[in-house]
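Coordinate inspection notes
One-letter residues, chain by chain:
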Amino acid sequence: MSQPLIIYAPNVDHLITEDDEPVDNILSEKQQRLLTEPLYSSWQGPGDERTFVAMANVGIFYIAKNPPIVPDMFLSLDVELPDDLWAKEHRCYFVWEYGKPPDVVVEVVSNTIGEELGEKLKKYATMRVVYYIVFDPEKQLGKDVLKIYKLHGFKYRRQLSRKLDDVGLGLALWEGEYEGWKATWLRWTDMQGNLIATGRESIQQARAEKEKERAEKEAALERAEKLAAKLRELGHEPDKIR
């Protein structure tokens, strides 16, 4: 008789899962939220009822060793959050607990010492993250605001397309206002290039559509009333307007 497979998870008691350090700046914090909240508000996931988690400023442990790597944002498909998020083994993204590395990692460049194109790039490749995104709004690392890398074998290759085919999402540089601040923001799109709406945008769109329907209904009623008045002038009694 075959023996059941037993998987031993590493002991995580010695690992530092949070150090209470703040994010480096306010715009980065807003950008992180803009990359996570719309996915939960408006994205249906990669299809076929597949699950996902999107996190910002949360440590990823791919080996049981300090310190973790902490990207600005990451997306992992086909995983679910555990029931008890306060448990030590659930406070960060432990690759052995989720069974896989994230599919997408995003780093927002705010200075020249973050190693986004150096040590971090190597670590994410070692971790087997499929897509590595570097958003550099102030062009700290070169002339390109957005760099997209896809894993081929054991190394990343730069790709020019902003479509992440293996995930079912795209990326866009959006000039607009988010939470009262105008800037160039990195945003998710669907595969047709349409922005994934924030929760607030979804509410505004729903209100606009409702207002449009109301206006169209009022316009149709006004036209019907004018037509009825014209018929009366001609000596005809129109049907009751509803």
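Computed from a predicted model, the values in this text were never measured in an experiment.

1. Some thoughts on the side chain of T36
Looking at the element boundaries, T36 is found in helix α1 (residues 26-42). Residue contacts for T36: discarding those within four places in its chain leaves A54, M55, A56 and M73.

2. Things to note about the sheet that holds strand β3 (residues 73-77)
Strand pairing within a sheet occurs via backbone hydrogen bonds; the two strands may be parallel or antiparallel. Taking strand neighbours across the sheet as the criterion, the six strands line up as β1-β3-β5-β6-β7-β8 in an open arrangement whose pairing is mixed. Two strands bound the open sheet, and with one partner strand each, they are β1 (52-56) and β8 (155-159). Averaged over all pairs of adjacent strands, the angle between their axes in this sheet comes to 20 degrees, without regard to strand direction. Pairing between strand β5 (residues 104-108) and strand β6 (residues 131-135): five bridges, direction parallel. The residue of β6 that forms the bridge with V108 is F135.

3. Some points on the pattern of salt bridges
Inspection of every chain in the model, using the stated rule, returns eleven salt bridges. The partner of E179 in a salt bridge is K30, with the nearest N and O atoms 2.9 Å apart. On the criterion of sequence distance, the pair formed by E179 in the loop between β10 (169-178) and β11 (181-189) and K30 in helix α1 is long-range, its members being 149 residues apart. A relative accessible area of 15% means that K30 is categorised as buried. Between E201 and R187 there is a salt bridge; the shortest N-O distance is 2.8 Å. In this pair, E201 is assigned in helix α4 (residues 199-233) and R187 in strand β11, connecting sequence segments 14 residues apart. When sorted by exposure, E201 lands in the same class as R187, which is buried. Salt bridges here are not isolated pairs; linked through shared partners, they connect E29, K30, R33 and E179.

4. Details of the packing of aromatic side chains
Aromatic ring pairs are defined here through the distance separating the ring centres and the angle between the ring planes. Applying the stated rule across the entire model yields eleven aromatic pairs. Ring plane angle 75 degrees and centroid distance 5.2 Å describe the contact between F74 and Y93, whose orientation is recorded as edge-to-face. Linking F74 in strand β3 with Y93 in strand β4 (residues 93-94), this pair joins segments that are 19 residues apart in sequence. Take Y93: its relative accessible area is 0%, and that puts it in the buried class. Measuring from ring centre to ring centre gives 5.2 Å for F94 and W96, while their planes differ by 40 degrees; the resulting arrangement is tilted. F94 gets classed as buried once you look at its relative accessible area, which sits at 0%. Cluster of aromatic residues (ring-pair linked, three or more members): Y124, Y132, Y149 and Y156. Over the face of the ring belonging to F154 we find R128, whose NZ or CZ atom lies 4.6 Å from the ring centre. For R187, the ring lying beneath its charged end belongs to W174, and the centroid distance is 4.6 Å.

What counts, and where the lines are drawn
- Residues numbered from 1 in each chain as written.
- Predicted model: local features only at pLDDT ≥ 70, side-chain atom pairs only at ≥ 80, totals over all residues.
- Heavy atoms only, no water.
- Helix = DSSP H or I, 4+ residues; strand = E, 2+ residues; numbered from the N terminus.
- Contact = heavy atoms within 4.5 Å.
- Pairing = 2+ DSSP bridges.
- Axes fitted to C-alpha atoms, helices over the stretch in contact; angles between N-to-C directions.
- Salt bridge = Lys/Arg side-chain N within 4 Å of Asp/Glu carboxyl O.
- Buried < 20%, exposed > 50% of the residue type's maximum accessible area, 1.4 Å probe, protein only.
- Phe/Tyr/Trp six-rings, centres within 6.5 Å; stacked < 30°, edge-to-face > 60°.
- Lys NZ or Arg CZ within 6 Å of the ring centre and 35° of its normal.

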